[in-house]
Amino acid sequence: MLARYVVRRAVASIPVVFGVTLITFTLLHATSGAFVPGLELNPNLRPADIIRIRNNLGLNDPLPLQYWHWIAGAWPPSFHCSGGLICGDFGRSLVDGSPVRDHILERLPNTLELTITAILLGVLISIPLGVVGALRRGSVIDNFFTFLSVAGVSIPSFWLALLLILLFSVSFHAWGLPWLPSGGAVNSFEGGDPIDRLTHLILPASCLAFVYIAIWSRFTRSSMLETLSQDYVRTARAKGMSERRVTYLHALRNSLVPLVTLIGLELPGLVSGGAIIEIVFSWPGVGRLALERALQYDYTMVLGLTTFIALLVVIGNLLADVLYGLLDPRIRYA
Amino acid sequence: MSREEAPGEEGFREFEDFLKHWSRRDFVKRMGIGAAYTAFLAGGVEFMEACANAGTGNPTTVTPKKGGHLTEGTISDIKTLNPVLTSDTASSEIVGLLYDSLLNLTANGDLRPLLAKALPQTSSDGLTYTVTLRDNIKWTDGSPITADDVKMTYDFMFDPQYKDVNSPRRGDLEQYVKSITVKDAKTIVFTLKSVYAPFAVNQLQYGILPKKLWGSLAPKEVNTTDMNTGPTVTSGVFKFQKWDKGQQVTLARNDGYWQGAPYLDTFIYKVVADSVAIGNQLKTGEIDYGQIDPSQFSDLSAQSSLSVVTFPVAIFTFYAYNQNSTAKVAQMFSDKAVRQALLYALDRQGMADALYFKQAVVATSSMPPISWAYNKDAKPQYPHDPAKANSMLDAAGWAKGSDGIRAKGGQKLSFTMITNAGNKVRENSLVAMQDAWKQIGVDATPKLITFPQLVAQITNDRSYDVFLVGFSWSAEPDQSALWHSRNTAPGGFNGFSYKSSAMDKILDDAVATLDQNKRKQLYFQMQDILNDEVPAPILVFNKGIWGINKRVQGMTGGDFGLGTYTQFQNKAWMRTTFVSDGK
C-alpha cells in the first residue's frame, strides 16, 4: 500500500520538476541582458569572437532546442548518454564548461555544515528560551527575550554578520585577544582539520542561528502558553503531579508538535537558506554559487541549481507525507 | 625596449637579481651614507630597512628566506586554467603562474623574452616574426618545451579545424596572421597578412600548452577537459596543487623551474566576499596581500602590519554619448558644443578627490599618462568651467526654458545615464554628474542596471542615452576597440557609434607603422582629435592600490616588481618574493 503510494507520488512529481525547469528556463531567457563570454570589457575581445563562442555554446539556437539540449544533451537524441539533465549532470556551466552536478557536489557539504549547525543551534537555544518565557510570562527575563527576538527578526543578517566580523575578528585581533577567522570555511594554509573548521563555523552559524532563535523561541513561547491553558494540564495539576512533570512531560511535548512542522519547512532552506550569510562570510556554499552565477547569466548553472532545489522540495514533501502517515494512523494513503 | 638575455647566464642572472633588489635610487642613497652601509654589513638590517621604507613597498634588505606560503586575497574565483580560453583577470593571473608565455612585460610595459631566447626577429618588411626558444626550458615532467608545443597552442586559437574551441583570441589572430610554421624544434615563424605593430605585445603573451597531453584532444574536448580545472604538466614558476571551487587555488613551488625555483613553498589565491573582506583579512593576516579600493587607502595605510603600494594603471572610467542614428538623443549629442560643454561642467578633480579618495588621476587625453604614446599637450583641455559650459550651450542655441532645463527646437536637453548597480564609485559618479549638469540646465537621470545588461546595452542593444563604465588599455597604445568605426558593428565596444574616417585612417596607419617615433606622432594626432570631438570622455585613470603584509619581501621595486603591468596576468616578481618569517 505504502510502496504503491510512494511510487505513484514519485511518478506524479516528474511533471512538477519539469514544470519548474520550464518556468525557470523561460524566465531566465525573458530577462534582459545575456551571457557574454569574458564579462570584463576586454579591448582584445572581438565581436566575431563573442558571436562565435555564443554559437559554440548554442546560445543562438532556437529556445526550444536550447531547452532540449539542457534536458537531453545532444540533438538528435542518441542512446548513449550525452549529458544533460536526464543523464544526471544537470547541464554544463556556460562559464567553465564543467557539469553543474560537480559544482553542487563540491559546495553542498559546506552549505549543509553551515545550515545544519545553525538549525541545531536554533533548536537547542530557542526551545529553552521559549519555555522560560512562557513559564515566567511578563517577567523581566521574558521581556528581555522578547526584545531579543524582535531584534533578531528585524536586524538584517548581513549587517549583523559585518558587525560580528568587525568585533570578533578584526578588533579582537587588533587587541591581541583570541580572534575568530573573518571568512571562509577553512584556513587557506594547512587548514581543514576539525578544530579549524569549527572556528570558521562559529561566526556564520551563530549569525544564521540568530534568526532561527528569534522566530522559533517566540513560537515555542506562544505554543507553550496555549498548551499550559489546556484542560488536561489543569487535570494533571489537579491530580497533584509535580509542576516539573506537568511542564516537561505534558505541556512541552505537546506544544512542540507545531514547531516540528515549522522546522520541517526549513528543509529546502538547508540548501538555499544561508545565501546571504555565505556571501558575507565568503563561505563556499551553494547559495553563494547560485548568486554569483546568476549575476553572470550562467543560465545552465542557475537552471541546474533550481532543478536540484526543486527536487529536494519534492522529496522533502513526499517524506513528510509518509512520516505523517506513520505518526498518525488516521491518515491513509489512497 | 627591454634587454635581451643570452643563454647560460645563470650566474649573471643571480647578479641581476641582486641589482633588482637594490633599485638604483636605494643604491645611490646607500653609497652616500657609507656609515649606514657599514652598519648594514655589520647586521644593522633594521636601520636600513627603516631608511628604505621611506620609499614604497617592502624593498628587500633581508636575505631571502626559502619556504613559507603567500596568500593573495581576491574577490573573483578563477573560471578556467586553460590559457587558450581565459578571458577574465582572475583566471589569467593563475594561468600566468602555471604556464610561461613566449614574451611578457616589465612593470613599465616593456616587452622581455620569457620562453623566447630574445625578442622576436622581425623581417625588414615587418611581416614575419621569428621566435627562437631558449635551450633550458622544460615542462614539469622534465621534457623540453619545443616549437611544436607553441604551434599546437596557437593552432587551438587560430587553425580553422579548431573553431569549436571557445577561444576569445581567434578573431584577432585570424585578422592579422597568415600562417604559423615550425622551422625547427626551437624556432617558430609567425607570418602576418599585413604589418601590425601591436602583434608582439598583444599576441605573444599567451601561455603555452604541452602538446604531449593536449595534442590528441578533439576541438570540443579542449573546452571541457579535466586539465582545464586541474592541469598536470605545466611550465611556470608554480605547479598546480588544487582548486577548491569558490574557496581558493593552491599552487606549489616548481623546483625545476628554468629560471630557478621560487623561494615560496606555496602560493594561495584565496577568494573572499568583497573588498571590505580583503581589508579585514589583511588586518587579521588571513591574507598577505590584495588589491584594495581607494576608500580603504587611508585606513589600511595606518595599519602597522601593512604597507600600501600605489601606482598608475591603464584602467579608466569613462562615459559615452549615444550617437547612433537610431537613438533618440543622437541629434542632441551630434552637436559637438553639447558634448564639450557637458565635459566643461564636470569637476573631475573634485570627483577624483571625493569618489576615488585622491587615488585617481584626471584624464587629459585618451592615452594613459604611463604610455610612451601619451601626449601631455593634447588640446583642448577641459578644466572645470561651468561658465564656459553655459556660454557654449547658449551660443549653440540651447536656451533655458521656464523649468530651468535647456531646450532647442522643442527638444529638451534631458537624458538618462546608465551604469551597473553595485559599483559604488560608478553609482556616485553618475550622481555627481547629474548634480553638475543640473547647474547648467541639463536634466540627467541616473539609472542602475546589472552588469550583463550594461554590456548588452553597450555592445548590442544600444538604446541608452549615456553610459558610464570602466575599461582598460593594454600596454599597446592601439585604441581601435573604442574609436574605430568598424567596432560599431554588433558586439563591438564602440557602442556609442563614433564614426570618423580621419580617425579610422590614423588608427589603421598607426598599427601598420613599426617605427615607434612615427607611431607616436599618429597617436598624438589621435589624442588631439579625441580631445576636440569628445565622443566618449574619460573621467579619470585609476590607480592600482595593493595592501601588503610587511612579512612579504622582494615583491616591489625594479623592472619586475609589482607594478602597472605586473599586477595581474604577469607576476614576474613571484620568483623573488619571500616571507620574512619563513612560514
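Just so you know, these numbers come straight off a predicted model, no measurement behind them. (Residues numbered from 1 in each chain as written. Chains lettered and ligands numbered in written order. Predicted model: local features only at pLDDT ≥ 70, side-chain atom pairs only at ≥ 80, totals over all residues.)

(A) Representation of the overall build of chain A in the model. The helix and strand tally for chain A stands at 13 helices and 0 strands. Along the chain direction, N to C, the helices and strands of chain A fall in the order α-α-α-α-α-α-α-α-α-α-α-α-α. In chain A, which comprises 334 residues, the proportion classed as buried is 36%. Excluding contacts between residues fewer than 6 apart, the proportion of contacts in chain A whose partners are at least 24 apart in sequence is 65%. (Helix = DSSP H or I, 4+ residues; strand = E, 2+ residues; numbered from the N terminus. Buried ≥ 20, exposed ≤ 12 C-beta atoms within 10 Å, placed from the backbone. Contact = placed C-beta atoms within 7 Å.)

(B) Expanded view of the overall build of chain B. Assigned secondary structure in chain B consists of 21 helices and 22 strands. Relative to its full complement of 583 residues, chain B shows a buried share of 51%. Restricting the contact set of chain B to residue pairs at least 6 apart, pairs at least 24 apart contribute 68%.

(C) A look at helix H11 (residues 275-284) of chain B. With 8 of its 10 residues buried, H11 of chain B lies for the most part within the structure. Along H11 of chain B, the residues classified as buried are Ala277, Ile278, Gly279, Asn280, Gln281, Leu282, Lys283 and Thr284 of chain B. As for H11 of chain B, its buried residues are in contact with helix H6 (157-174) of chain A together with strand S1 (69-74), strand S11 (289-291), helix H12 (297-301), strand S12 (306-321) and strand S20 (538-549) of chain B. Just downstream of H11 of chain B, glycine 285 of chain B is the residue with a positive phi angle, here 80°.

(D) Structural detail: the interface of chain A and chain B. Chain A puts 50 residues into the contact, and the matching count from chain B is 52 residues. Listed by contribution, the elements that provide at least two residues to the side of chain A that touches chain B are helix H2 (47-56), helix H4 (100-135), H6, helix H11 (275-280) and helix H12 (286-295) of chain A. Broken down by element, the side of chain A that touches chain B gets its largest block of residues, 8 residues, from H2 of chain A.

(E) Structural context of the sheet that holds strand S4 (residues 121-122) of chain B. Residues and elements named next belong to chain B. Read from one edge to the other, the open sheet built from 4 strands follows the order S4-S5-S7-S6, with strand pairing classed as antiparallel. Bordering the open sheet on either side are S4 and strand S6 (177-184), each of which pairs with just one other strand. As paired elements, strand S5 (residues 128-132) and strand S7 (residues 187-192) share 5 bridges and run antiparallel to each other. For valine 131, the partnering residue across the bridge sits in S7 and is isoleucine 188. In this fold helix H6 (residues 147-158) packs onto S6 and S7, with an angle of close to 165° to the strand it touches most, S6. (Pairing = 2+ DSSP bridges. Axes fitted to C-alpha atoms, helices over the stretch in contact; angles between N-to-C directions.)

(F) Main features of the pairing of S1 of chain B. Residue and element names in this part refer to chain B. Where burial is concerned, most of S1 is hidden: 5 out of the 6 residues are buried. Bridge analysis of S1 against strand S10 (residues 266-271) gives 6 bridges, and the strand direction is parallel. Within the sheet, the bridge partner assigned to glycine 73 lies in S10 and is lysine 270. With 2 bridges connecting them, S1 and S11 associate as parallel partners.

(G) Highlighting unusual backbone geometry. Residues and elements named next belong to chain B. Residue proline 380 is bonded to the preceding lysine 379 through a cis peptide linkage, with omega at -10°. Despite not being glycine, phenylalanine 357 has its phi angle at roughly 50°, a positive value. Structurally, the position occupied by phenylalanine 357 is in the loop between helix H15 (348-354) and strand S13 (360-362). Here the phi dihedral of arginine 462 falls at roughly 55°; this positive angle occurs in a residue that is not glycine. Tracing the chain through its elements places arginine 462 in the loop between helix H18 (451-461) and strand S19 (466-472). On the basis of neighbour count, arginine 462 is assigned to the partly exposed category, with 18 C-beta atoms found within 10 Å.

(H) Summary view of the packing of helix H20 (residues 501-511) of chain B against helix H21 (residues 516-533) of chain B. Residue and element names in this part refer to chain B. Direction vectors running N to C along H20 and H21 enclose 155°, while the axes themselves pass 9 Å from each other. On the basis of their axis angle, the class for H20 and H21 is roughly antiparallel. Between H20 and H21 lies a crossing whose hand is left-handed. For the pair formed by H20 and H21, the contact residues are Ala502, Met503, Ile506, Leu507, Asp509 and Ala510 on the first element and Arg519, Leu522, Tyr523, Gln525, Met526 and Ile529 on the second. (Parallel < 35°, antiparallel > 145°, perpendicular 65-115°, else oblique. Left-handed = near helix turned anticlockwise from the far one by under 90°.)

(I) Spatial organisation of the confidence of the model for chain B. Confidence along chain B averages 88 in pLDDT terms, with 90% of residues attaining 70 or more. Under a pLDDT of 50 for its full length, residues 1-57 of chain B has, in the predicted model, 50 contacts with residues more than four places off or in other chains. (pLDDT = per-residue confidence, 0-100.)

(J) Fine view of the sheet that holds strand S15 (residues 406-408) of chain B. All names here are of chain B. Within the open sheet, the 3 strands sit side by side as S14-S15-S16. Their pairing is antiparallel. Strands with a single pairing partner mark the edges of an open sheet, and in this sheet they are strand S14 (399-400) and strand S16 (411-412). Note: S15 against S16, 2 bridges, orientation antiparallel. Across the sheet, the residue bridging to alanine 407 is lysine 412, located in S16.

(K) View of the environment of leucine 59 of chain A. Residues and elements named next belong to chain A. Secondary-structure assignment places leucine 59 in the loop between H2 and helix H3 (63-72). For the pair leucine 59 and leucine 94, spaced 35 residues apart in the sequence, the C-alpha separation amounts to 9.5 Å. Excluding residues that lie within four positions of it along the chain, leucine 59 makes contacts with Phe35 and Arg54.

(L) Quick look at the nonpolar core. Judged by nonpolar contacts, the single largest core of 217 residues is most densely connected at Ala345, Phe467 and Val540 of chain B. For this core, the element with the highest residue contribution is helix H7 (residues 194-228) of chain A, accounting for 13 residues. Residues Val131, Ala134, Met224 and Ala251 of chain A belong to the second largest nonpolar core, which totals 6 residues. (Core = buried A, V, L, I, M, F, W, Y, C linked by C-beta atoms within 7 Å.)

(M) Up close: the pairing of S12 of chain B. All names here are of chain B. The buried fraction of S12 amounts to 12 of the 16 residues, a majority that puts the element mostly inside the structure. As paired strands, S12 and S20 are joined by 10 bridges and run antiparallel to one another. Paired with proline 312 across the strands is lysine 543, a residue of S20. Relative to S19, S12 is paired through 7 bridges, and the arrangement is antiparallel. Residue pairing in the sheet places alanine 320 in a bridge with phenylalanine 467 of S19.

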